[in-house]
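Here is what each chain is made of, one letter per residue.
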Amino acid sequence: MKEKVWVYVPETNRNLLESWSTNYAYDTVDLELGNCVAYSFFTHTSEYHSLMNFLQINQISFNIFRRVYRFTKIEIEEAEILVMNLDEDAKDAENLDPTYRRCDACNHNVTLKERSSLHVEYKRIRKLDITTPYNSHGVEIIVSERMKRILQQEAISGVDYGPVFQLGTDRSPIEGFYHLKLQEGIGPVVEPSIVEKKNLCDKCGFYENYFCKTLLYFKRDSWQGKDICFTRDWFGGPPRSQGKCLIVSNKMYKVLIQNKIKYIYFQPAFLID
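Owing to the predicted nature of the structure, the values given are computational and were not obtained by experimental measurement.

Visitor: I'm lost on the sheet that holds strand S18 (residues 228–231) in this one. Help?
Guide: Across a sheet, paired strands are connected by hydrogen bonds in the backbone, their directions being either parallel or antiparallel. With mixed pairing, the six strands of this open sheet are ordered in space as S14-S18-S19-S5-S20-S17. The strands lining the two open edges of the sheet, one partner per strand, are strand S14 (184–186) and strand S17 (217–219). For this sheet, the mean angle separating the axes of adjacent strands, direction not counted, is 50°. Across the face of the sheet, helix H5 (residues 250–258) comes into contact with strand S5 (81–86), S18, strand S19 (246–249) and strand S20 (264–272) while running at roughly 85° to S19.

Visitor: Please explain the layout of surface pockets as it appears in this structure.
Guide: Picture a little ball the size of a water molecule; that probe, rolled over the atoms, points out where space is still empty. Roughly 1100 Å³ of internal volume is contained in the largest pocket. Sort the elements by how many residues they give to the lining of the largest pocket and strand S4 (residues 63–70) lands first, with five residues. The residue makeup of the lining of the largest pocket, split by class, is 16 nonpolar, eleven polar and eight charged.

Visitor: Mind showing me how you'd approach the sheet that holds S4 here?
Guide: Reading across from one edge, S2-S3-S1-S4 is the order of the four strands in this open sheet, with antiparallel pairing throughout. Looking along the sheet, the strands with just one partner apiece sit at the ends: strand S2 (24–30) and S4. Taken over all neighbouring pairs, the strand axes of this sheet differ in orientation by 25° on average, direction set aside. Contacting strand S1 (2–10), strand S3 (34–42) and S4, helix H1 (residues 46–57) runs over the sheet at an angle of about 35° to S1.

Visitor: Can you walk me through the packing of aromatic side chains in this structure?
Guide: The description of two aromatic rings rests on the distance between their centres and on the angle between their planes. Counting across every chain of the model gives eleven aromatic pairs. Look at tyrosine 207 and tyrosine 210: their rings are 5.2 Å apart centre to centre, the planes differ by 50°, and that puts the pair in the tilted class. This pair shows no difference in class: tyrosine 207 is buried, exactly as tyrosine 210 is. Three or more aromatic residues link up through ring pairs in this structure, and these residues are Tyr8, Tyr26 and Phe65. Sitting over the ring of tryptophan 6, arginine 66 keeps its end group 4.7 Å from the ring centre. Looking at lysine 148, its charged tip hangs above the ring of tyrosine 161, at a distance of 5.0 Å from the centre.

Analysis parameters
- Residue positions are given per chain, counted from 1 along the sequence in the order it is written.
- Under the rules for a predicted model, residues below a pLDDT of 70 receive no local features and side-chain atom pairs below 80 are neither given nor counted, while totals for whole chains, interfaces and linings still include all residues.
- The side-chain numbers reported here are obtained from all heavy atoms of the structure, hydrogens and water having been left aside.
- For two strands to be treated as a pair, DSSP must find at least two bridges joining them.
- Only runs of H or I of at least four residues qualify as helices and only runs of E of at least two qualify as strands under DSSP, and these elements are numbered from the N terminus.
- Here an angle of 0 to 180 degrees is reported between the N-to-C directions of two axes, which are lines fitted to C-alpha atoms, with helices fitted over the stretch in contact.
- In this description, contact between two residues means that some pair of their heavy atoms is separated by no more than 4.5 Å.
- In the cavity and pocket records, a cavity denotes points on a 1 Å grid over the protein atoms alone where a 1.4 Å probe fits but cannot get out, a pocket denotes an open set with protein on both sides within 12 Å along at least 5 of 7 lines, and lining residues are residues with an atom within 4 Å of a point.
- Grid points are joined across faces, edges and corners, and a volume is the space filled by probe spheres set on the points.
- The classification used treats Ala, Val, Leu, Ile, Met, Phe, Trp, Tyr, Cys and Pro as nonpolar, Asp, Glu, Lys and Arg as charged, and all other residues, Gly among them, as polar.
- Each Phe, Tyr or Trp ring (for Trp, its six-membered ring) is paired with any other whose centre lies within 6.5 Å, and the angle between the two planes then decides the class: stacked below 30 degrees, edge-to-face above 60, tilted in between.
- Whether a residue is buried, partly exposed or exposed follows from its accessible area with a 1.4 Å probe, protein chains only, as a fraction of its type maximum: under 20%, in between, or over 50%, in that order.
- In this scheme, the term charge over a ring applies when either NZ of a lysine or CZ of an arginine sits within 6 Å of the ring centre and within 35 degrees of the ring normal.

Geometry only, nothing functional implied.
Put into structure tokens, the structure is as follows:
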């Protein structure tokens, strides 16, 4: 695994950082630091470690704005659990059931955890085995008859199925497609994950903002062993825009790859004892 980061340093320190000019990325503005210079590094390099030492010794403020991870094919294939991302090829969708409610304690609209009446446009999904609509927050997944059959034949755990309805109608189900119903099956995220969170509401249970800036790590005993499940945590902000991550087992990963399911992307996550 390789980790690449973008380090923001106040622009007033630019002249002090000439030794790292080859790592210059762009000029930018940071909410906390003001006008900044961004430098990019792979974190395993001596250049990155020398910069970090220099900033700390000289008490120069900085912010690691972004992290990107690169994994080898073997690292992905051998991962015990993985985060699975889907293309939002189902495009627009509607849900006749309420999808939000206002919390009278924090006054935020928060996403309802259970939604059922999912409406999409058939022509958007007819050639897809698995997809999700825009703005679904990661909790609305549609699968084809072929995908359902594969999951059943492979005894994939953690799944159930509901109908998907044609967009613009009251109750016209789309034959051969299903709303994949999943449960929370892991969490919460723990160290060494780096999490930025703000203002937990004790009543609705949502943070105003909740961002994980790194890879996802979980306690091993918090994973229920399901082949596919949602995280307990809701990520993003504000609460109305927050969504869950989709976690799959190595078994599920291999089933999807062996059956050549398209438009899915994987990144390892980690269980720690």
